[in-house]
Amino acid sequence: MANLLNIGISGLAAAQVGLNTVGTNISNSNTDGYSLQVVQQAARLGTGVGHLTIGGGVDVTAVQRAYSQFLTSAVWSSNAGMQRATTFNSLTGTLNSTLSSSGNLQGALDDFYGAFSTVAGAPGSNPDRQALLGSAGSLTAVFNTLGQQLGVQQRQVNSQISGTVASINSIVGNIADLNQRIYQSRSAVGGVPNTLLDQRDGLVKTLSGYLGVTAVTESDGTMSVYTSTGQGLVSGSNAYPIASANNLYDTGRTDVFDVSGNDITGRLSGGSLGALLDYRSSVLDPIQNQLGQAALALAGSVNSQQAKGLDLNGQQGAPIFSVPTPVVLGATTNQGSATVAATIADVSQLTASDYVLGYDGSAWSLKTTAGQSVPLTTNTDGSLSAAGLTFTVTGTAQAGDSYQIQPTRYAAADIAVGMTDPAGVAAAAALTGKATGTNTGTGSIAAVSVTDAGNANLLGAATITFTAPGSYEITDSSGTVTGSYTAGQPISANGWSVTLAGAPATGDSFTVAANTNGLNDNSNALTAASLADTGVLAGGSISVVTAYANLTTQVGTAGNQAATTLTTQTALYNQATSSQQSLSGVNLDEEAAKLVNYQQSYQASAQVIAASQTIFASLITAIQAA
Amino acid sequence: MRVSTNWMFQQSVNTMLSQQAALAATQNQVSSGLRINVASDDPAGAGMVVNLKHILAANTQYSANINDANTRLSTEQSSLTSVTNVLNSVRSMAVQGINGTLAPSDRSDMATQLVQMRDQLVQLANTTDSNGDALFAGSSTTRVPFVKNADGTVSYGGNDTARMTAIGSGLQIYSGDAGSSVFMNVPAGNGSFVAGVGAGNTGTLVVGANSVSDTSAWASGEAASGGGYTITFAADGSWTADDASGNPVLDGVGAPVGGTYQGGGDISFNGMTITLSGTPAAGDTVSVQAGGTQDIFSTLNNMIALLQGNGSDTQLTNGFSRQMEALDQGLASVSKAEVAIGGRMNTLSQQQSTYSDLNVTYQSALADVQGADAYTAISNLSLQATALQASQQTFAQVKQLSLFNYIR
């Protein structure tokens, strides 16, 4: 009889465990990271009675999580992908709104070039010249706003990188703690600490949202966590935190370093940290540089056109725009005393890359920050040239020293209008050429152009005299030079170039002099206005407006791709979560059924105890009656 | 397949959220009328919008330039019309002068009128445009390019550069003419040479109309001797011709040219035909000078000097004949400028209408690229609203389904 009582009690206990588990499942149905718990029960071994074996009730062997390492890992990796896409999408979204809301660069550019056209219509008109400087100011304001907004985004990205690294380190520490507790719990109690495991899985999932990771469960129950390139973050109860610190060159830029101080910025991917680093290097830097490149192209082309003309005071045109010189940043590890200065020599050769200039102890070499080698040419004065830039090294460098050069980064934010006097706009051609009245040949001046505005003798008067139809001499204040003339070929000296039409006769002469009696000329303003459609960048194939159109397309493409990627990654994450939840999630209808089931088991087991009591009572009554 | 209750709710919520986002995007399209609000809406389209707007801005600027050029050229044209009128009045006086029989008082009246006309011409040549810039100063900043000196001569302070206006990418047109080309660099004589009687002539010989009758013979003669000739008459009217170096001019077979002049006849050699009248005295000469220029003001000044010079009727007739030639060259120069202006204004109006057409084309291209199609957008809006409504109703229905509702 005692046996039946025990069997009843075991059933009662098993039903109670079942009811408690169902209760826990129901109450945790909305808990993030909770895995459905399932009661495992087995029939208790019976006792042998003669040749029979009678069952001995039921044992609860385990309360197990409904869990699949495979499905959970899939959720982690898809979460890393989705969080990366979410962060990337929000960053490119901000960039797109910045571009559309920070003023209309195309409109400002067209207004500016149009103002040159208006000046060409009335070169002597002061209001028109003032309007030109005004539109130059509006144009630089649009460039500045865009450049500053991009700068703001750089700083935001940097601070988000630091914040994310801090969150990652805190989670990594917590995982190491949980590893410790899980290990202790297993060795002390021997059971499986379901709640701790769920907590640890939840932390790994959160971590995967910050950074792409792989996690491996070891035989002792602890979990090792690595970055996607194999960098260890957690091993047993040890955490290996990463750190955010300044870039080797740029103190305004935050990079990520491992526990031993190596820069691992380029080796992290996935999660929001991966998105931040990837966005900064593949979208923000190029866009910021290209915008700067456009600003430099504008300033370079307009300023050099200015220098080819005369202003209203008869002076060679001064620059309208001022732009910052390329930024040169020495590595903090440099040992030598060398300083490097960089200047822009040729805007058309300029690229949107940043460069690293390194010294190996005997020679300098140049690479893009992406690692592509760029050939350097040494000039006669010892300076180095590459990619439209000239580098001047002073002091002594040590082997291993390096410098980062950012030629275009801050040009858009810092471009300014340097001209204040409207008379300074050089609308007139710098030079005028004239055939002498007594000439007997049919030669006449077809065109005079400025080839080198920097020539000191440019505006000095010079006379070209033909000593024979095929040879000439040029006389200026510094003497006489001779040359031979081929019809149709230009004659050049002092930074100018003259093309003749017709055939000059022996003794004919032509004068080239500053256009001081032609200050109401508009030819230089007409050329400046035509810069709107003149190729300036990429060897002279891309105009400033086209560069901006390309930039717009590029920003749009980045945003569009990010949105598409986000859709895909969200679908993948939903798919993975759906699979994982179909195994580990709580279904309330199922729990309702189980609740009824265990409730009935409980009632039935109680009935078994009651039966046992009744049987026992019957026996007692029988004995008393006997 | 098992479905987690929590996930089921989450999925329904996600669906509704994404439907709401799509609805908001469509709503934005409808309310802004734009398909591209940020570049990522259509990256290639956004780049195209920049390019199209740039082309439209350039066309607007070129149209404004064309209007400016038109104003300038119209002003120039009306001043030149006035100049032509003045020159025609001068010409009718010159016709009187050629007649030679003028009383001293007539001469003095004519001189006074011519002085006024010369001053009027100077004033017309100094016409300014709406910005106060002199129209005929070339590219010089001077506002008074034609300055009358104390002795009545007029000097030009401008330069030879005519103003250009950009009316298209790489397309420039002259929106003015330098004063030197209109008023100053007028070819002398008949445009090729000046034939005039010698200063010391004592006869009544008058050089009338003269011209180049054989261009190639004239050109080869000019190339050989520079085009300067002196024709000398003998008492019997026979004449010989020497070139600038004093050598006799030879004809095609190597014999010296020459002949006998009879009253009212022509003299021809080396491609020239010179009509003469009157009678030469022995030793009288006619000189021929090639090339050279004579500005319009000098022509008037020469006429004034003739009238004030107390010369003989023959001198007056000869002098006015020369100035008549010069006047016709001046009129031709002004009329050439007027014709050129007409041609340019024609080009301007053609170009202007091209830009009007292009503007329509590019505006519609721009609307196609960046504008939202209202019909599509609104039908999308109602479709998406219906879908969202359906999701909400489904959610409301599904949430009522629970086994717990039936366990009592």
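Residue positions within a chain follow its written sequence, with the count starting from 1. To label them, take the chains in the order written and letter them from A, then take the ligands in the order written and number them from 1. Residue-level local features of this predicted model are given only where pLDDT is at least 70; pairs of side-chain atoms are given and counted only at 80 or more, and the full residue set underlies all totals for whole chains, interfaces and linings.

Quick word on the overall build of chain B
Convention followed: Helix and strand labels come from DSSP, where a helix needs a run of H or I of at least four residues and a strand needs a run of E of at least two; each type is numbered from the N terminus. Here a residue counts as buried when 20 or more other C-beta atoms fall within 10 Å of its C-beta, as exposed when 12 or fewer do, and as partly exposed in between; the C-beta atoms come from the backbone. Note on contacts: residues are paired as contacts if their backbone-placed C-beta atoms lie within 7 Å.
The helix and strand inventory of chain B stands at eight helices and 12 strands. If you line up chain B on its principal axes, its C-alpha atoms span 155 × 55 × 30 Å. Within chain B, buried positions represent 35% of all 408 residues. For chain B, the share of sequence-separated contacts (at least 6 apart) that also reach a separation of at least 24 residues comes to 67%.

Topic: the overall build of chain A
Under the convention used in this document: Each radius of gyration reported is based on C-alpha atoms, and the globular scaling rule is 2.2 Å times the count of residues to the power 0.38.
On a plain count of helices and strands, chain A comes out with 10 helices and 31 strands. Rg of the C-alpha trace for chain A: 41 Å, well past the compact-globule value of 25 Å for 626 residues, more than 25% over. A separation of at least 24 residues holds for 73% of the contacts in chain A among residues at least 6 apart in sequence.

Details of the interface of chain B and chain A
How big an interface is tends to be stated in terms of the accessible area lost upon association of its parts. What counts, and what does not: Residues were grouped as follows: Ala, Val, Leu, Ile, Met, Phe, Trp, Tyr, Cys and Pro as nonpolar; Asp, Glu, Lys and Arg as charged; and all remaining residues, including Gly, as polar.
Facing the 44 residues of chain B at the interface are 53 residues of chain A. Only helix H1 (5–32), helix H2 (43–99) and strand E3 (164–168) of chain B provide two or more residues apiece to the side of chain B that touches chain A. The residue makeup of the side of chain B that touches chain A, split by class, is 17 nonpolar, 21 polar and six charged.

Comments concerning the sheet that holds strand E24 (residues 431–435) of chain A
All names here are of chain A. Just so we agree on the cut-off: DSSP bridges decide pairing: two strands pair if at least two such bridges lie between them. Only the stretch in contact is used when fitting a helix axis, every axis being a line fitted to C-alpha atoms; angles between N-to-C directions are given from 0 to 180 degrees.
Here five strands make up an open sheet; going across it, the order is E24-E31-E26-E27-E28 and the pairing antiparallel. On the outer flanks of this sheet lie E24 and strand E28 (479–484), each paired with one strand and no other. For this sheet, the mean inter-axis angle between neighbouring strands, taken without regard to orientation, is 20°. Of the pairings in the sheet, the one linking strand E26 (residues 462–468) to strand E31 (residues 509–514) comprises four bridges and is antiparallel in character. Among the inter-strand pairings, Thr-465 is bridged to a residue of E31, identified as Ser-509.

Considering the environment of B:Ser108
Residue and element names in this part refer to chain B. Within the secondary structure, Ser-108 sits in helix H3 (residues 104–125). The exposure class of Ser-108 is partly exposed, given the 13 C-beta atoms found within 10 Å. Put simply, Ser-108 and Ile-304 are 196 residues apart on the chain and 8.9 Å apart in space, counted from C-alpha to C-alpha.

Section: the domain arrangement of chain A
Filter applied, for reference: A domain assignment, automatic or from a database, supplies the domain bounds used here.
The domain architecture assigned to chain A consists of domain 1 (2–66 + 586–625), domain 2 (72–286 + 542–577), domain 3 (288–417) and domain 4 (431–514). The distance between the C-alpha centroids of domain 1 of chain A and domain 3 of chain A comes to 82 Å.

Considering helix H2 (residues 69–101) of chain A
Rules: Multiply 1.5 Å by the residue count of a helix minus one, and that product is the helix's expected span.
Here H2(A) contains 33 residues, and its C-alpha end-to-end distance of 47 Å stays within 8% of the 48 Å for a straight helix at 1.5 Å per residue. Positive backbone phi, at 90°, marks A:Gly103, one or two positions downstream of H2(A).

Considerations on unusual backbone geometry
Residues and elements named next belong to chain A. In this model, Ala-387 sits at a positive phi of 50°, which is unusual for a non-glycine residue. Along the chain, the position of Ala-387 falls in the loop between strand E19 (384–386) and strand E20 (389–394). Judged by the 19 C-beta atoms lying within 10 Å of it, Ala-387 is partly exposed.

Regarding the domain arrangement of chain B
Domain annotation of chain B identifies domain 1 (1–33 + 372–408), domain 2 (53–187 + 327–358) and domain 3 (194–291). Taken over C-alpha atoms, the centre of domain 1 of chain B sits 107 Å from the centre of domain 3 of chain B.

A short note on the confidence of the model for chain B
The line we're drawing: Here pLDDT means the predictor's own confidence in every residue, given as a number from 0 to 100.
Chain-level pLDDT for chain B is 86 on average; 100% of the residues reach the 70-or-more range. Predicted as a complex, the structure gets a pTM of 0.85 and an ipTM equal to 0.82.

Quick word on the nonpolar core
Rules: Joining buried Ala, Val, Leu, Ile, Met, Phe, Trp, Tyr and Cys residues through C-beta atoms within 7 Å gives a set, and that set is a nonpolar core.
Formed by 218 residues in total, the largest nonpolar core has its most connected members in A:Ile175, A:Ala295 and A:Tyr548. The element best represented in this core is H2(B), accounting for 18 residues. If sequence neighbours within four positions are ignored, A:Ile175 has contacts with A:Arg200, A:Leu203, A:Val204, A:Met223, A:Val225 and A:Val234.

Quick notes on the sheet that holds strand E12 (residues 285–290) of chain B
Residue and element names in this part refer to chain B. What the five strands build is an open sheet, ordered E5-E12-E7-E8-E9; its pairing is antiparallel. The open sheet terminates on both sides in strands that have one partner only, identified here as strand E5 (193–197) and strand E9 (258–260). Between one strand axis and the next, the sheet turns by 20° as a mean value, whatever way the strands run. Across four bridges, strand E7 (residues 229–233) lies against E12 in antiparallel orientation. Note that in E12 the partner of Thr-232 across the bridge is Thr-285.

What about the packing of H2(A) against helix H9 (residues 544–584) of chain A?
Residues and elements named next belong to chain A. Going by this rule: Our angle categories are set so that under 35 degrees counts as roughly parallel, over 145 as roughly antiparallel, 65 to 115 as roughly perpendicular, and the remainder as oblique. Should the near helix be turned anticlockwise from the far one by less than a right angle, the crossing is termed left-handed; should it be turned clockwise, right-handed.
Where H2 contacts H9, the two axes come as close as 7 Å, and the packing angle between them is 155°. Comparing their axes, H9 and H2 come out roughly antiparallel. In the crossing of H2 with H9, the sense of the turn from one axis to the other is left-handed. Looking at the contact of H2 with H9, its residues break down into 17 nonpolar, 18 polar and no charged.

Some details on the environment of A:Leu5
Residues and elements named next belong to chain A. Structurally, Leu-5 is set in helix H1 (residues 2–27). The exposure class of Leu-5 is partly exposed, given the 17 C-beta atoms found within 10 Å. In the structure, Leu-5 is positioned 575 residues away from Gln-580 in sequence and 42 Å away in space, judged by C-alpha atoms. In this structure Leu-5 touches Ile-609 and Ser-612, once residues within four positions along its chain are discounted.

What about the pairing of strand E8 (residues 238–243) of chain B?
Residues and elements named next belong to chain B. In this sheet, E8 lies alongside E7 in antiparallel orientation, the contact comprising five bridges. Bridging from a neighbouring strand, Thr-230 pairs with Asp-242 of E8. Between E7 and E8, which follow one another and run antiparallel, lie four residues, and Gly-237 among them has a positive phi close to 90°. Pairing geometry for E8 and E9, over three bridges, is antiparallel.

Describing the packing of helix H3 (residues 105–121) of chain A against H9(A)
All names here are of chain A. Running from N to C, H3 and H9 point in directions that differ by 175°, and their axes come no closer than 10 Å. When the axes of H3 and H9 are compared, the pair comes out roughly antiparallel. On H9, the residues touching Leu-105, Gln-106 and Leu-109 of H3 are Val-544, Val-545 and Tyr-548. Classifying every residue of the contact of H3 with H9 by side-chain character gives five nonpolar, one polar and no charged.

A short note on helix H8 (residues 374–399) of chain B
Helix length check: H8(B), at 26 residues, gives a terminal C-alpha distance of 37 Å against a target of 38 Å (1.5 Å per residue), a fit within 8%. Counting buried residues in H8(B) gives zero out of 26 residues, a small share hidden from the surface.

A closer look at the environment of A:Gln154
The residue A:Gln154 is located in helix H4 (residues 126–188) in this model. A:Gln154 sits 15 residues away from A:Asn169 along the chain, and the two C-alpha atoms are 23 Å apart.

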